[in-house]
Amino acid sequence: MKKLIGEANELVSQMVEGMVHAHPDVYGRIEGVNVICRADGAKSGKVGLVSGGGSGHEPAHAGYVGDGMLDAAVCGEVFTSPTPDMVLEGIKAADGGNGVLLVVKNYAGDVMNFELAAELADAEGIKVDHVVVADDVAISNKDDRRGVAGTVFVHKVAGAAAASGKSLEEVKAVAEKVASHVRSMGMAVEPCYMPVSGKPGFDLNEEEMEIGIGIHGERGVERKPTTSVDSIVDDLLDHLKQEVEPGEVAVMVNGMGGTPLSELYVTYHFVAKKLEDAGYTLKRKYVGNYMTSLEMHGFSITLLPLDEEITTYLDAPSAAHGFKI
Amino acid sequence: MLTIDGLKEALRNAQSEIEANKDTLTDLDRAIGDGDHGINMSRGFDAVSTILNEDYDSLGALSKKVGMTLMAKVGGAAGPLYGSAFVKAATAFGDATEADFSLVKSALEEGSASIKARGKSEVGQKTMVDVWEPFLTDLSESDDFTEKLDRLVKDTEDMKATKGRASYFGESSRGTIDPGAMSSAIILKAIMKEVD
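Residues numbered from 1 in each chain as written. Chains lettered and ligands numbered in written order. Predicted model: local features only at pLDDT ≥ 70, side-chain atom pairs only at ≥ 80, totals over all residues.

Description of unusual backbone geometry
Residue and element names in this part refer to chain A.
Then comes step 1: Between glutamate 58 and the following residue, proline 59, the backbone shows a cis peptide bond with an omega angle of 10°.
Then comes step 2: The topology assignment puts proline 59 in the loop between β3 (48-55) and β4 (72-78).
Then comes step 3: Cis geometry marks the peptide bond from alanine 60 to histidine 61; its omega dihedral reads -5°.
Then comes step 4: At phenylalanine 79, a position not held by glycine, the phi torsion is positive, near 60°.
Then comes step 5: Relative to the helices and strands, phenylalanine 79 resides in the loop between β4 and α2 (84-94). (Helix = DSSP H or I, 4+ residues; strand = E, 2+ residues; numbered from the N terminus.)

The structure is reproduced here in structure tokens:
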């Protein structure tokens, strides 16, 4: 697989360098560590918000650093959870003296490394709590569900709540509310290729697709013959509709990194029509690349039931490049 | 007896075995995970090999340094799991400069317990626990360590994964050896080889 990269092992640090150099008004970097923080540093008195995980999901998570969203993003190796010492640096960079909330995607590695970091921060006297996002309905057992694109809504809502001066407990409560209601499901027609090994996450032939993929290039839960996007959308919505009641929702059609925007809008066109026909009101709509898997060709659909509080926070200003409002 | 130099030698051997099996570990992980286990373990043990050039006053000090290095360099789930195993083993080794079979066994039991606790996993879930725990159960000095470890790794092939990323694949996780089980066996074999 051809890649536009330098030394594969340097991919993440060179990406971080590039981001900070290109957007010095928004991003700062902790010297020597792949952690992106806010250019203006931690805000005194504000609850800090930190997320992160493996790289390869851009704009997640560094793209969500900025006024109104995250205070720091910890960038692990591609698809590999960052280590506890890195996360600790992120926590310190985000700490404004009123505690720090970690937004963690439900992957064994992420949960373990962030929990270890929280223990280290606690030992240094920083109050830390965390929220685990597990929005992927492709996995039937709820405890095992992965955290995928719905995590972006948690960043946005918790970020806005923190920016409005809420306490750690209050920010956590609203983050939990979003995390417990948001649901996503994804699919791919082409895999992504690991930069170091050059190998695809899974092998697919011309006529096959993977349904129920995660965001780390891993196979889906089901392999099927490819069909029209119209019926693929039906397939994913069938799962999502079982868990999200008709009503006011925010919908996200998220590209996996290698999907043309034209195809995302075609996908959205079917998603919108089918949801409206089923009695859903699409109060907020997001179409684009929010949580990607390198160059994977596919998409995910995320539904978030809305109430007044969540809607207000979704609409609040954000300076983050990946979610500018 | 396992000496400080012996443990260093074991870790150097583990590093070269991991390097030699890097692609196999990655391919197993591609089949039932996300395809980075070989890459991550290789990065971690490269870092371990550089700290082996330093001097240590005890097996505990060396084991702790190895654990911290793995925790900081491997990433993913394997980093905290192997990292905490070596850190916990260090508490059993303590100030000892050499360890007999029974002390090595206790240190590895501490490591095994720590992997189970950190990973919240049990035997039978197709993880590295399926090598650590049964290997140490009833382990005696006269056992054929290599044979026992190879068999335990092979046993994970038919298991259905219910923990870790492989669990997302449900039934189709059967038929592939667990990559964490394989890397665990590499490390344990290297250590046991130096206990004589």
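A look at the environment of lysine 64 of chain B
Residue and element names in this part refer to chain B.
Then comes step 1: In this fold, lysine 64 is placed in helix α4 (residues 59-73).
Then comes step 2: Residue classification places lysine 64 among the partly exposed residues on the basis of 19 C-beta atoms within 10 Å.
Then comes step 3: On a C-alpha basis, the gap between lysine 64 and alanine 89 in space is 7.8 Å, while along the polypeptide they are 25 residues apart. (Buried ≥ 20, exposed ≤ 12 C-beta atoms within 10 Å, placed from the backbone.)

Observations concerning the confidence of the model for chain B
Then comes step 1: Mean pLDDT for chain B: 94, with 100% of residues reaching 70 or above.
Then comes step 2: The secondary structure element of chain B with the lowest average pLDDT is helix α2 (residues 22-32) of chain B, at 91, and the one with the highest is helix α1 (residues 4-20) of chain B, at 98. (pLDDT = per-residue confidence, 0-100.)

Remarks on the pairing of strand β8 (residues 208-211) of chain A
In summary, the side chains of a regular strand alternate between the two faces of the sheet.
Residue and element names in this part refer to chain A.
Then comes step 1: Sheet topology places strand β7 (residues 183-190) next to β8; two bridges connect them, and they run antiparallel. Its bridge partner lying in β8, methionine 187 is registered against isoleucine 211.
Then comes step 2: Pairing of β8 with strand β9 (residues 222-225) involves four bridges; the strand directions are antiparallel. Paired with isoleucine 211 across the strands is glutamate 222, a residue of β9. (Pairing = 2+ DSSP bridges.)

Examining the packing of helix α7 (residues 129-136) of chain B against helix α9 (residues 179-193) of chain B
Residue and element names in this part refer to chain B.
Then comes step 1: Packing of α7 against α9 leaves a shortest axis separation of 8 Å and a crossing angle of 40°. The pairing of α7 with α9 is recorded here as oblique in orientation. Across the interface between the two elements, Asp130, Val131, Trp132 and Phe135 from α7 touch Ala181, Ser184, Ala185 and Leu188 from α9.
Then comes step 2: Residues belonging to the contact of α7 with α9 are distributed by class as follows: six nonpolar, one polar and one charged. (Axes fitted to C-alpha atoms, helices over the stretch in contact; angles between N-to-C directions. Parallel < 35°, antiparallel > 145°, perpendicular 65-115°, else oblique. Contact = placed C-beta atoms within 7 Å. Nonpolar A, V, L, I, M, F, W, Y, C, P; charged D, E, K, R; others polar.)

Things to note about the domain arrangement of chain A
Residues and elements named next belong to chain A.
Then comes step 1: Taken domain by domain, chain A holds domain 1 (8-180 + 313-323) and domain 2 (183-307).
Then comes step 2: Its C-alpha centre places domain 1 at a distance of 23 Å from the equivalent point of domain 2.
Then comes step 3: Across the contact, 26 residues belong to domain 1 and 30 residues belong to domain 2.
Then comes step 4: Considering each element in turn, the side of domain 1 that touches domain 2 owes the most residues, four residues, to helix α4 (residues 150-163).
Then comes step 5: Residues belonging to the side of domain 1 that touches domain 2 are distributed by class as follows: 15 nonpolar, seven polar and four charged. (Domains from an automatic or database assignment.)

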